[in-house]
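Reading the structure
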Amino acid sequence: MAETETFPHVPPLAWSAELATGDACMDETHEEFVTQLAALRALPAETQLEPYRALIAHTEAHFAREERWMVAVGFAQENCHARHHREILDMMRAVERHYLAGDIEIIGRMAAALAEWFPMHAQTMDAGLAQHMRTVGFDSRTETLADPSRVRPATMTGCGSVHCS
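Structure report, in brief. In this text, all values refer to a predicted model and were calculated from it rather than measured experimentally.

**Considering helix α2 (residues 24-41)**
In a regular helix each residue adds 1.5 Å, so 18 residues correspond to 26 Å; α2 covers 26 Å between its end C-alpha atoms and thus fits that length. When we look at burial in α2, the residues that qualify are C25, M26, D27, T29, H30, F33, V34, L37, L40 and R41.

Printed below as a string of structure tokens:
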């Protein structure tokens, strides 16, 4: 049985303008995440492990890139956005261990949870980061600042969102 049938209370997540942050590089990565997640949710539980591992690898690279950007635009190495990333990855890795231990439905439950989680994360923390990057003139494709004097290193500990300090 496909995950969307098992967890009907969590609607499918599809890429849309509502998820866009305004940073093309970030949005491309987010669209890839959403596409991988949707494909994973459509699979039967017994075939989800390898696509889930691919999603973990994609998410590790996705989060590492955003965290490089955060540091480049003045976030402290230890900030709430990066901490949130670590918590999500820790959960994703724990799910893989539980699946291997015999709970083959757990990937479907995690995929549903990620589909619920991602829109708010993209619309708050990531949109805030994208706005800050624009404000300081950071090019996410080249990972360079037009004017490095516009950034004070390691001064921001929040997530970049208006919902966080």
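From this point on, the discussion continues.
**Some remarks on the packing of aromatic side chains**
The full count for this structure, using the stated rule, is 5 aromatic pairs. For the ring pair F63 and W117, a centre distance of 6.5 Å and an interplane angle of 75° mean the geometry is edge-to-face. One end of the pair, F63, is in helix α3 (residues 49-72); the other, W117, is in helix α5 (residues 106-136), and 54 residues separate them in sequence. A centroid spacing of 5.9 Å and a plane angle of 65° characterise the contact between W117 and F118, whose relative ring orientation is edge-to-face. Overall, W117 belongs to the buried group, its relative accessible area being 16%. Here F118 falls in the buried class, since its relative accessible area comes to 1%. Among the aromatic residues, ring-to-ring pairing joins F33, F63, W117 and F118 into one connected group.

**Some remarks on the pattern of salt bridges**
It is possible for side chains of opposite charge to pair when their charged atoms get near one another. Going through the model one piece at a time under the given rule, you end up with 9 salt bridges. In this structure, E50 engages R53 in a salt bridge whose closest nitrogen and oxygen atoms are separated by 2.7 Å. In this pair, E50 and R53 are both assigned in helix α3, 3 residues apart and thus about one turn of the helix distant. The exposure class of R53 is partly exposed, given its relative accessible area of 31%.

Here is what the cut-offs are and how they apply
- Residues numbered from 1 in each chain as written.
- Predicted model: local features only at pLDDT ≥ 70, side-chain atom pairs only at ≥ 80, totals over all residues.
- Heavy atoms only, no water.
- Helix = DSSP H or I, 4+ residues; strand = E, 2+ residues; numbered from the N terminus.
- Expected span 1.5 Å × (residues − 1).
- Buried < 20%, exposed > 50% of the residue type's maximum accessible area, 1.4 Å probe, protein only.
- Phe/Tyr/Trp six-rings, centres within 6.5 Å; stacked < 30°, edge-to-face > 60°.
- Salt bridge = Lys/Arg side-chain N within 4 Å of Asp/Glu carboxyl O.

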